[in-house]
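Next come the chains, spelled out residue by residue.
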Amino acid sequence: MTSQTTTYQLAPRSAHLLLEWPRLTLLVAVLTVIVAAAGLAGVSKDPSVDAFVPGDHPAALARDRAREYFGLEDPIVVGLAAPAGEHAFTPARLEALRRIDEGVRRIEGVRKPDVVSLATERAISGDDGDLLVDPILEDGPLSPATAELARERFRSMPMLSGLLASAGEDLLTVLVPVEDPNHAQEEVRAVIELAEQEAGAVFDVHVAGVAAMNARLASMVDTDTRIFVPAAVVTVLLILLLALRRPVALLGPLFVIAGAAAVAIGLMGWVGARYYLITTALPVVIMAIAVADCLHLGTYYLRARAEDVACSAEDAVRAAIARAWLPITLTSVTTIAAFLGLSSGAAMRPISEFGLFAAVGVAAAWVLSLTALPAILVLTDLRPSTGRGSVARDGTIDAAVRRVTALAFRYPIRALAGVLLLANVLGGLALQAEFDYERQRYFTAGDPVRVADREINARLGGVNFLDVVVTASEPGGLLEPQVMQAMAELRAEMAALPLAVKATGIDEYISLMHQVLTGASPGSLPTGARAPGQYLFLYEASAPPEDFKQQIDYDQQHALLRAQLSTDRYSQTVGSVDALEALVTDWSARTGLAAAVSGRVAVNDGWMRELARTHVRGLLVAVALVLLASAVAFRSLRYGVFAMIPVLVGVVSVYATMGAFGIDIAPATSMTAAIATGLGVDFGIHLLSLVRQRRREGAHGLEAFSGSYTVVARACFFSALALGVALAVICVSSAPPLRWFGLLVSLGAFGSLLGALVVVPALWSVGTSLARREDHV
């Protein structure tokens with residue numbers, strides 16, 4: 001007890017040094033924030049999902065190789081849809097396709113040689129033993145006859161159906177690869193403008209694809225940051241005004257919450273960290289945490305001045321710091337521990353950096369709350385409001401807190417049983433939460449890019465790619481007949497995968513040339529030792545050798561086999577990926593050819609598996625660090641556990657909401673439980689710290705839960721309200737994942753507050769009863 005009392009008495013002495021020069025203290029704080037905030041100019045955004053993929057993941061490495069060899073990874077997909085009941089092979093529509101194909105090649109950032117559409121593809125046919133290679137679209141103006149000829153040539157190339165045009169012939173596509181699919185906002189904007197201008201009169205234009213979706217996410221991040229960060233600030237200030245009752249009382253908290261956020265985000269710029277999709281919520285999280293420190297210090301300050309009209313601002317600040325500095329420090333340390341646990345336990349860089357810079361923001365809020373805020377209180381000579389509902393008077397919140405506390409203390413078994421029952425109900429719902437991901441769920445139902453993605457996939461049957469990159473041991477090795485036959489067999493097995501719509505590869509082109517040249521049956525392959533190479537040589541005599549660059553590289557050492565799946569939803573495609581991995585492993589062992597699974601579906605599968613593997617570990621690390629910090633702070637494992645019990649209500653509330661509303665455990669939502677752990681423990685720490693202090697002052701039983709306890713509980717309520725509402729403001733985001741993030745963390749905060757208000761007095765009552773029985777015995 002002596003050590004603890006001494007600790008409380010050290011605070012005014014330390015504060016006295018700062019309060020001697022409040023202007024200097026505030027000036028140093030302002031300059032520090034300005035220097036840190038200067039880094040904001042260096043923050044670069046990366047809203048892509050690929051940011052969550054470890055660079056050394058096998059699927060990511062195979063994707064990079066496929067992009068290098070074949071140039072057709074994650075393109076912008078332009079879908080040109082004919083009106084219902086009409087087909088796309090009319091002169092006007094094919095002319096529009098040709099203009100778009102030519103126009104996109106002039107856009108900066110587009111990989112011009114890799115653009116693919118029917119406007120540049122050729123049809124293979126034979127004439128009396130001769131190989132004919134003709135453009136699908138004839139040069140020059142198109143007539144009804146040449147448009148019909150294009151239609152016939154398309155039908156003769158089944159490998160193009162479902163990719164460059166729909167089987168129903170009512171949709172044409174242009175695949176537009178870009179230099180950087182993760183940062184293609186300008187390219188996507190230019191492609192949309194061009195497509196609307198050239199085809200808007202004859203087609204319904206839809207622009208989707210991974211690159212377009214990434215660009216849309218980047219636009220959403222920019223827009224949302226400008227909207228809901230200011231909205232969160234305004235919301236927090238309104239709640240502070242409701243709690244503190246004086247407009248001038250908002251100056252200090254405003255500086256603290258803005259300064260803490262500026263320090264954290266500014267530091268990201270200084271060290272070159274990226275601003276990911278989930279980082280958009282970081283400023284709001286930091287501000288919501290910072291407001292709690294301001295509320296507790298401000299409440300104590302206003303109470304001190306209200307209870308003694310002769311008390312000066314400087315004396316009131318000293319009294320407030322003496323009361324609040326230790327709980328603020330303890331809660332800051334535990335919250336920092338939670339975020340560091342999240343950072344260290346996460347395998348994905350965006351999540352790891354979120355935890356790290358959130359910890360920086362909490363530390364900044366802690367320091368500013370105990371330095372800049374007291375200085376501002378002294379300089380403004382803030383006086384309490386004397387009106388109804390002021391902090392000096394009991395109000396509805398105080399009465400409600402006292403009633404809940406009294407009931408929990410007098411009927412602890414019932415209270416704890418009620419919390420346990422609630423936890424069991426929530427736990428049942430939480431078990432329904434699942435790891436899942438689908439790209440289109442990152443957009444609202446009416447978002448243009450989601451509408452475009454849905455329309456293109458519906459007409460083509462699915463353009464979600466699952467690939468295999470096949471590699472021979474030496475250049476030219478893939479043109480051996482037995483190798484070509486082996487690739488044909490693997491492609492056929494890929495086409496039979498669950499959810500597969502079709503599969504394509506170079507063997508289809510060799511088979512078609514074999515058919516038209518020799519009259520062989522469809523699907524058969526040549527057996528002559530040099531036949532595949534000779535067929536390609538004949539083809540190149542009539543057309544550029546680059547025509548097959550998306551199927552086989554120039555050295556004939558690497559080939560791409562591509563399956564199109566009807567969906568990219570992780571929970572459904574996981575079976576297809578597993579089956580393909582097994583197929584490829586067995587096929588490679590039998591043929592001696594190297595093969596690697598790649599494609600967007602495989603990349604998504606890779607990072608989702610990584611998330612599922614590390615999610616529980618990250619949460620447990622966060623919980624363990626918070627428990628350790630709480631136990632060290634209280635110098636008692638028992639009190640550390642007491643402080644953590646309310647947190648469990650908040651954490652279970654998060655997963656229960658996921659299960660009840662079908663919210664996937666995905667990157668943006670996977671952090672919410674760990675964040676709720678760091679935020680929720682604050683309430684238990686504040687309340688337990690106050691009860692221990694009241695006990696040292698001589699209060700016993702329910703008396704320890706009166707007086708200052710009510711003040712702290714009231715501050716906890718308003719901090720939870722500010723925290724919850726500020727995070728709920730994120731729900732105005734146009735990105736569903738951010739909406740879910742805000743909702744889940746908000747509910748976690750409210751769940752932890754409810755648990756703290758009920759569990760702390762109930763457990764204390766039980767502990768007191770047990771102690772009395774032991775003393776009696």
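Residues numbered from 1 in each chain as written. Predicted model: local features only at pLDDT ≥ 70, side-chain atom pairs only at ≥ 80, totals over all residues. Heavy atoms only, no water.

## Examining the overall build of the protein
Tallying secondary structure elements over the protein gives 25 helices and 11 strands in all. In terms of its C-alpha atoms, the protein occupies a principal-axis envelope of roughly 110 × 55 × 45 Å. Across the 777 residues of the protein, 60% fall into the buried class. Long-range pairs, those at least 24 residues apart, make up 80% of the contacts in the protein with a sequence separation of at least 6. (Helix = DSSP H or I, 4+ residues; strand = E, 2+ residues; numbered from the N terminus. Buried < 20%, exposed > 50% of the residue type's maximum accessible area, 1.4 Å probe, protein only. Contact = heavy atoms within 4.5 Å.)

## A word on the packing of helix H10 (residues 313–345) against helix H20 (residues 600–634)
Taken N-terminus to C-terminus, the directions of H10 and H20 make an angle of 155°; their axes are 7 Å apart at the nearest point. Accordingly, the angle class assigned to the pair H10 and H20 is roughly antiparallel. The interaxial crossing formed by H10 with H20 has right-handed handedness. Seen from H10, the contacting residues are Leu 330, Val 333, Thr 334, Ala 337, Ala 338, Leu 340, Gly 341, Leu 342, Ser 344 and Gly 345; seen from H20, they are Thr 614, Arg 617, Gly 618, Val 621, Ala 622, Leu 625, Val 626, Ala 629, Ser 630 and Ala 633. Among the residues making up the contact of H10 with H20, the classes are represented as 12 nonpolar, seven polar and one charged. (Axes fitted to C-alpha atoms, helices over the stretch in contact; angles between N-to-C directions. Parallel < 35°, antiparallel > 145°, perpendicular 65-115°, else oblique. Left-handed = near helix turned anticlockwise from the far one by under 90°. Nonpolar A, V, L, I, M, F, W, Y, C, P; charged D, E, K, R; others polar.)

## Section: the nonpolar core
Side chains that are nonpolar tend, in soluble globular proteins, to be buried together. Counting residues in each nonpolar core, the largest one holds 272 residues, and the members touching the most others are Leu 118, Leu 172, Phe 339, Phe 354 and Met 487. Top element by residues in this core is helix H7 (residues 210–244). It accounts for 17 residues. Leu 172 has contacts with Val 78, Gly 79, Leu 80, Ala 88, Phe 89, Leu 94, Leu 97, Leu 118, Leu 164, Ala 165 and Phe 203, leaving out every residue within four places of it along the chain. (Core = buried A, V, L, I, M, F, W, Y, C linked by side-chain atoms within 4.5 Å.)

## Remarks on the confidence of the model for the protein
Summary statistics for the protein give a mean pLDDT of 87 and a share of 95% for residues scoring 70 or more. Per-element averaging of pLDDT across the protein places helix H1 (residues 2–19) at the bottom with 50 and helix H4 (residues 91–104) at the top with 97. Within the model, the stretch residues 1–10 combines pLDDT values under 50 with 17 contacts to residues more than four positions away or in other chains. pLDDT under 50 marks residues 388–393. Its contacts with residues more than four places away, or in other chains, come to 18 contacts. (pLDDT = per-residue confidence, 0-100.)

## Side note on the environment of Glu 169
Following the sequence through the fold, Glu 169 ends up in the loop between helix H5 (144–155) and strand S5 (171–176). Note: C-alpha distance between Glu 169 and Glu 86 (83 residues apart in sequence) is 8.6 Å. Once residues lying within four places of it in the same chain are set aside, the contact partners of Glu 169 are His 87, Ala 88, Phe 89, Arg 151, Phe 154 and Arg 155.

## Considerations on helix H6 (residues 185–199)
For H6, with 15 residues, the first-to-last C-alpha span of 21 Å sits near the 21 Å given by 1.5 Å per residue. When we look at burial in H6, the residues that qualify are Glu 187, Val 188, Val 191, Leu 194, Ala 195 and Ala 199. Taken around the axis of H6, the buried residues stretch over an arc of 130°, which confines them to a single face. With respect to the buried face of H6, the exposed residues turned more than 90 degrees away are Glu 186, Glu 193 and Gln 197. Structurally, H6 contributes buried residues whose contacts are with strand S2 (76–81), H4, S5, strand S6 (204–208) and H7. (Expected span 1.5 Å × (residues − 1). Arc of directions from axis to C-beta.)

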